[in-house]
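Read off the chains here:
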Amino acid sequence: MRMDLAAMDILPPTHDPAECEPSADEIPRILLDRLGRVRAELAKRDITAAVLFDPAHVRYATGSRNMQVYSSRNPARYAFVPAEGPVVLFEFSGCEHLASHLPTVDEIRPAKAISYYFNEKNTEAVTRAWADEIVELARQCGGGERLAIESATPEAAFELQRRGYRVLDAQEPLEMARAYKVPNEIKMVRSSLRAVEDGVRKLEAAIVPGVSENAVWAKLHEHIIATDADFVETRLMNSGPRTNPWFQECSDRLIRDGELVALDTDVVGRYGYYADFSRTFLCGDGEASPAQRDLYKLAYEQIRTNMENLKPGVSFKEYAERAWRIPPAYRARRYFALAHGVGMNGEYPYIVHREDIDDKGYDGIIAPGMTLCVESFIGHENGGEGVKLEEQLYVRDDGRVELLSDYPFDPRLIG
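Residues numbered from 1 in each chain as written. Predicted model: local features only at pLDDT ≥ 70, side-chain atom pairs only at ≥ 80, totals over all residues. Heavy atoms only, no water.

For the protein chain, an unreviewed UniProt entry supplies the name Peptidase M24 family protein and the organism Halomonas elongata.

Okay, structure coming up:
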C-alpha cells in the first residue's frame, strides 16, 4: 500500500532511468558544481581554505572515494580545498592513482598520516611537517589568516595556530554547501534509493519465523555491496520486544511468528549518497493484532501529517508547531527528530519536536534544493512493540515537494 500523494500535493517518486541515474556527461559537471558550492561557502566566511578529513566531505568536494570507513577514524587522507586556487588531494600512500581522472583535483600528493598509530614517537615531527605543507599551500592561494579544519588531531590545529592562523571548524561551510543540491545531484540520490529499495525487498522476503535478526540484516548488506554502495552506517533492525524503545541494534535473536520487525536503512549507497527510509514489517503469514495495527496507524498518521506540512518557506519552528501531536503515552519514546537533512549522510537541517525546540533546536527555513527525511517512532512508555517509519523527500527548485523513497507500507498493519 502507498500513500495518496496527490491529496497531499506531493509528487510521486520517479523510476525514469534518465532521472534516476546521471549520464557520463553529467557526472563531471555535478562534481564541479559541488566543489563550487564548497568554495562559495568558504569565500562567504572569508576562509582561505578548508582541510577536509571527513571522508564524506572529501568525496563531496572532490568526488574521490577510498577506504571510507577506515578514513573515518584514521587521519590518513585529506583534501586541501581553497576558496580560490588549486585543490590538492592528499591520498593514502600508494593510492594516488585512484583520483587521477577527477576534474575537481588539481594535484595529488601522498598524505602525511598525523597519528600516533602511524608514527609513534615521530608524531610531533610529522604533524609539524604536515602544518608546514598546509601553510605553504595557503600562502600560494593568497594568504589570509583563517583556515578551516575538521576531524583531525588536536595537535594539527595547534600547529596551525602556532603559525599565526585562526583555526575554524570546517563543518559549518560544508554543511551549508551540502544542504542545497546542485543540478542533477538528485539523480545520484535517486539511484542510491532505487538500489537500496531492491535490497530491502530481499531483506523483507527473508523475514520468516526462526531466522535471526542478523541473518535478515545481512541480506541488505549483500545487495548494497553488489550495487556499488559503501556501507550501512548503523545496525538498526530489531524484532518483537526489541522494537521498543528504538535504537536497539541488530542481534542474533530469533524472530518469532507474528512479531513486528522494524528497520532503518541508513545506507551510504551509490555515488556515496544516503538512502534513508524506515519500515516495520510483520513476520509470518498471519494477521496483525489490534495493538500492532493501532501502533502502525499512529506512526503512519505522524508521517503523513508531517510530510504534508513540509513546504518551502516554512521555518523550522513553524514546522515543529504544526507537527502531528503525539499522544501522551508515546511522547517519552518519541524519535529525537521530526525531520533532518540528508545527502551523503545525515546533514543540515535538524528539526526537533515542539517540546524540544527551545532547548535543543534552532530555527531556519525549509528551502528549495533541500532533501529531508521525515521520521516517526511510536512506542508506548510502558513497553511492548514499537513501529518505525520514515520517508525521504526533495524540495524541488520549482517549489514542489517530491517523495524520493518508494517502498510500500504493509497492508496487514495499516488496516
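Novice: I tried to follow the packing of aromatic side chains on my own but got confused; where do I start?
Specialist: Geometrically, a pair of aromatic rings is defined through the distance of the ring centres and the angle of the planes. According to the stated counting rule, one finds 18 aromatic pairs in the structure shown. Ring centres of Y70 and F92 lie 5.9 Å apart, and the angle between their planes is 85 degrees; this geometry places the pair in the edge-to-face category. One end of the pair, Y70, is in helix α5 (residues 68-71); the other, F92, is in the loop between β4 (88-91) and β5 (107-110), and 22 residues separate them in sequence. For Y70, a relative accessible area of 27% puts it in the partly exposed group. Cation over ring: R279 sits above F409, and NZ or CZ is 4.1 Å from the ring centre. Geometry around Y335 places K388 over its ring, the cationic atom sitting 4.6 Å from the centre. (Phe/Tyr/Trp six-rings, centres within 6.5 Å; stacked < 30°, edge-to-face > 60°. Helix = DSSP H or I, 4+ residues; strand = E, 2+ residues; numbered from the N terminus. Buried < 20%, exposed > 50% of the residue type's maximum accessible area, 1.4 Å probe, protein only. Lys NZ or Arg CZ within 6 Å of the ring centre and 35° of its normal.)

Novice: Can you help me understand the UniProt feature "domain: Creatinase N-terminal" (unreviewed entry) in the protein chain in this one?
Specialist: When the UniProt feature table is mapped onto this chain, "domain: Creatinase N-terminal" (unreviewed entry) is found at residues 34-178. With 43% helix and 17% strand, residues 34-178 has its two end C-alpha atoms placed 8 Å apart. (UniProt positions renumbered as here; feature names shortened; annotations may be inferred.)

Novice: Sorry if this is basic, but what is going on with the sheet that holds strand β7 (residues 166-169) here?
Specialist: Within a beta sheet, neighbouring strands are joined by backbone hydrogen bonds and run either parallel or antiparallel to one another. Strands sit in the order β5-β4-β3-β2-β6-β7 across an open sheet of six strands; the sheet is mixed. Sheet topology places β5 and β7 at the edges, where each strand pairs with a single neighbour. The sheet shows a mean angle of 20 degrees between the axes of neighbouring strands, taken without regard to direction. Across three bridges, strand β2 (residues 49-52) lies against strand β6 (residues 146-149) in parallel orientation. From the neighbouring strand, V51 faces β6, where its bridge partner is I149. Where helix α3 (residues 26-44) meets the sheet, its contacts fall on β2 and β3 (78-82), and the angle it forms with β3 comes to roughly 65 degrees. The strands touched by helix α4 (residues 55-62) within the sheet are β2, β3 and β4, with β3 carrying the most contacts at an inclination of about 50 degrees. (Pairing = 2+ DSSP bridges. Axes fitted to C-alpha atoms, helices over the stretch in contact; angles between N-to-C directions. Contact = heavy atoms within 4.5 Å.)

Novice: Honestly, the UniProt feature "domain: Peptidase M24" (unreviewed entry) in the protein chain in this entry has me stumped. Any pointers?
Specialist: According to UniProt, the positions carrying the feature "domain: Peptidase M24" (unreviewed entry) are residues 189-396. Secondary structure over residues 189-396 splits into 31% helix and 23% strand, and the C-alpha atoms at its two ends are 13 Å apart.

Novice: What's the story with the sheet that holds strand β12 (residues 274-275) in this structure? I'm lost.
Specialist: The strand order across the open sheet built from three strands is β8-β11-β12, with neighbouring strands paired in antiparallel fashion. Across the chains shown, the open sheet's two edge strands, defined by having one partner strand only, are β8 (231-232) and β12. Pairing between strand β11 (residues 267-268) and β12: two bridges, direction antiparallel. Bridged to V267 within β12 is A275.

Novice: Honestly, unusual backbone geometry in this entry has me stumped. Any pointers?
Specialist: Most peptide bonds adopt trans geometry, and most residues besides glycine take a negative phi value. In this model, N244 is joined to P245 through a cis peptide bond whose omega is 0 degrees. Structurally, P245 can be placed in the loop between β9 (237-239) and β10 (260-264). Unusually for a residue other than glycine, D228 sits at a positive phi of about 75 degrees. Even without glycine at this site, F247 takes up a positive phi of about 65 degrees. Tracing the chain through its elements places F247 in the loop between β9 and β10. F247 gets classed as partly exposed once you look at its relative accessible area, which sits at 44%.

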